[in-house]
Amino acid sequence: MSDDRCFEVLACSLPSCAPDASLAIAGSRAGAVGILDLELCGDPGRAARELARLARFAGGPFGVRIPSAFDLHAVLLPALPAGCTTIILAGGLDPDPAPLLARLRGLPRRILLECVSAAEAEAGLRLGIQGLIAKGHEAGGRVGDETTFILLQRLLAGFSLPVWAQGGIGLHTAAACLAAGAAGAVLDAQLALARESPLGAALRAALSRADGRDTVLLGEALGRPVRACTLAGRHRLAALREEERRLAAAGGDPSAVRAAWTGCIAGAAGLQDPDADLLLLGQDLALAPELARRLVTAGGIVQAIRQAARRGLALAGRLRPLAPESALARAHGTRYPVVQGPMARVSDVPAFAAAVAEAGGLPFMAAAWLRAPELEAMLAATRAALGERPWGVGLLGFLPAEIWQEQVAVLKRQAPPFALVAGGRPEQVLALEGQGIATYVHVPSLGLLDLFLAAGCRRLIFEGREAGGHVGPLSSFVLWQAVLDRLAGLPASRKRALSLLFAGGLRDASSAAMVAAMTAELAEAGAAVGLQVGSAYLFTREAVASGAIVEPYRRQLLASRSTTLLESGPGHAVRCLDTPFARRFQAEKARLAAAGIPAEEARRQLELFEQGRLRLAAKGVARVAAADRPGERLLTPRDEAEQLAEGIYMVGQMAGIQDQVTTVAGLHQELCAGATAWCEQAASASRPAAEPDQGPPLDIAIIGLGGFFPDAPGVERYWENILNRVSPVREIPAERWDWRLYFDAGRQSPDRIYARWGTFLDEVPFDPVAYGMPPKVLHSVEPLHLLCLEAVRQALA
């Protein structure tokens, strides 16, 4: 955990082959480090001009972002201005950045390495850089597999260098980063709609509709994925997809292919033409409209994020929203505000549910696709095992109507206290609530949040894309920040009625503390918040001891360092370990695409291809034809080699970090009591040091600010009018100023105002000392007075 007392914001200009320093200047003047992004710039003259502009107008420290293959370094680096304190090395480690770093180390500036993986961070550590930027999968431009939430945890745990977070950072997730120990955050897409942004009106209008789902990954087949926005440059996106296919088919030296691909991206990136320019902006573009609406300028956004980070962490340390016996725990009738998420082929063992309940959590059984007889037996056994302790059932809202109705009928008979619907609709949730079953619903996007809120749903789950099993479109940080922005606008009475669960990537005190800091403002407003945890339970002793999973399943999880997504079709993605079967799935998907199979048929075939694979991995059994009973298939144990070769090991990205077996009780203690202590300690460490003694106070004290202006009865309205460009100029009412006393319609007549006031202005000079003003202010007051008199004289002449 960091003891740093500063949460430093790096405010980046938007990526473009024609860089513009406006946002970097605004960020620097607001207390951030303004960063000029030169990664894609191939024009030495343009780069030098924008850097000089940044140096001239920056109000504080600034820096540059350059790739390791920086063609302009011979021109720019020797002439970097003195105020340039930071150099961000971007673009990865291909080609080898050692020669460039050798030149940079001779400069009195810190060097930060932008990392999309832990491997890049390790390489940077060997090269002697001074800090790391954890650039998550949701960010714009070059990205890796892990989201910001996961990568930040990994880098903070594995390296002693300071780490900045990039991707999904907003007012609330900034508090999460500070709680985890991050040195700060990087902003780029978040500033895209600020007043100082160089984007034109057409692009601003398009981006104002962003919700995070309007980005795409290019270059995955080439080993260099790049995230770009789909709200602009559609023609360019199509051309780049075709170029990606061509480069992948041509093959050749991988480094040369990646270099060619990087050149294609650099030539396409721009900020002006909504039809032709490629916007290398990430999912956090979804945060830009609300930030611009509320805070207007880049400086306002920077300052608000720094303040919100400290406020969120301080509130979490004081309110303890995840502590044992918290508001949500009391609502559930449990000791901890932790819900065990239903996992298909895992959460079907009553003994495991009993272990979760015994340790103070709320267990859920997974109904999956079970028909009525199987579901009835499972729930009856669960009820018997748990007795009076609370439990619930997880349902799939997208099931065929016949199966859904069967399952709901079983729930009516078994009457579990809680239910959970994934992929559901408001009417399904309300029907279960009407039966007296407190029902949560998964909310994967802002649009669905609005739908559920409008229907009156108040138990909501927000699960990010880094979770295991079926996942939604948005990373945790982007989804969490977007929904917290929306919920913040609800009336106080509605906030107090909310029960909110956050899921995806949660495993220990650090990750849970991030949620506590992020949600502290809602907790202060009366909302009950908690955690839904799935993959972390797979690392408990009880998961194997109860028969929820077999020992080889956990052994594979402990040995893993990465996950992959098996996407059978749009909106149908499953996260699992990268195993031999996962690679076979990808090959089959490519075969179907090459054969021209229609998308819906390909999806159906891929889902059939997956059938039974999860049960094989989790339970070690598969359906095999009975030798003595033709047509009948029996569940038969399979050896570990077949499990690995043919099974699907569903798990979230946290598996790449977790390498220890724990207990259910230990997990709950870590997530709640551990996270609470973590927040208290972090909040104490992040309090600013006492201000240094600045001597005795001056004789002047500002005790307030007020004013009465046209169309503005107070200063707040006055500044709103200025920012909104409202002009109050109009003819002065006659009762305030009768112009007829000073005006003659005759063009040759002398102006009456001069006759009345000219002598007065000449004979009554302004004497500041006579008004008791100290001599130290004469240099500013008297010239201003004289300037005003001169302006009046010129107007009267």
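Everything discussed here concerns the structure shown above.
Note that the structure is predicted; figures quoted are calculated from it, not measured. (Residues numbered from 1 in each chain as written. Predicted model: local features only at pLDDT ≥ 70, side-chain atom pairs only at ≥ 80, totals over all residues. Heavy atoms only, no water.)

Q: Now, about the sheet that holds strand β6 (residues 131-135): what can you tell me, with residues and values included?
A: Adjacent strands of a sheet pair through backbone hydrogen bonds, lying either parallel or antiparallel. The eight strands lie next to each other as β1-β2-β3-β4-β5-β6-β8-β9, forming a closed barrel whose pairing is parallel. Geometrically, the sheet is characterised by an average inter-axis angle of 25° between neighbouring strands, direction not taken into account. Bridge analysis of strand β2 (residues 33-37) against strand β3 (residues 62-67) gives four bridges, and the strand direction is parallel. Residue D37 lies in a different strand from β3, and its bridge partner there is R65. Together, β1 (8-12) and β9 (184-187) form the strand contacts of helix α12 (residues 298-319), whose direction differs from that of β1 by roughly 155°. (Pairing = 2+ DSSP bridges. Helix = DSSP H or I, 4+ residues; strand = E, 2+ residues; numbered from the N terminus. Axes fitted to C-alpha atoms, helices over the stretch in contact; angles between N-to-C directions. Contact = heavy atoms within 4.5 Å.)

Q: How would you explain the side chain of Q658 if you had to name every residue and give the values?
A: If you trace the backbone, Q658 turns up in the loop between α28 (640-646) and α29 (664-685). With a relative accessible area of 11%, Q658 lands in the buried category. Only 3.1 Å separates the side chain of Q658 from the backbone oxygen of Q660, close enough to count as a polar contact. Contacts of Q658, omitting those with residues within four sequence positions, involve R507 and F539. (Buried < 20%, exposed > 50% of the residue type's maximum accessible area, 1.4 Å probe, protein only. Polar contact = N/O pair within 3.5 Å; in protein donor to acceptor, adjacent residues only side chain to side chain.)

Q: I'd like a description of the sheet that holds strand β18 (residues 469-471), backed by residues and values.
A: Reading across the sheet, the three strands line up as β18-β22-β21 and stay open at both edges, with antiparallel pairing between neighbours. Strand pairing shows two members of the sheet lacking a second neighbour, β18 and β21 (563-569), which therefore form its edges. Averaged over all pairs of adjacent strands, the angle between strand axes in this sheet comes to 35°, irrespective of strand direction. Sheet topology places β21 next to strand β22 (residues 572-577); six bridges connect them, and they run antiparallel. Bridged to T563 within β22 is L577.

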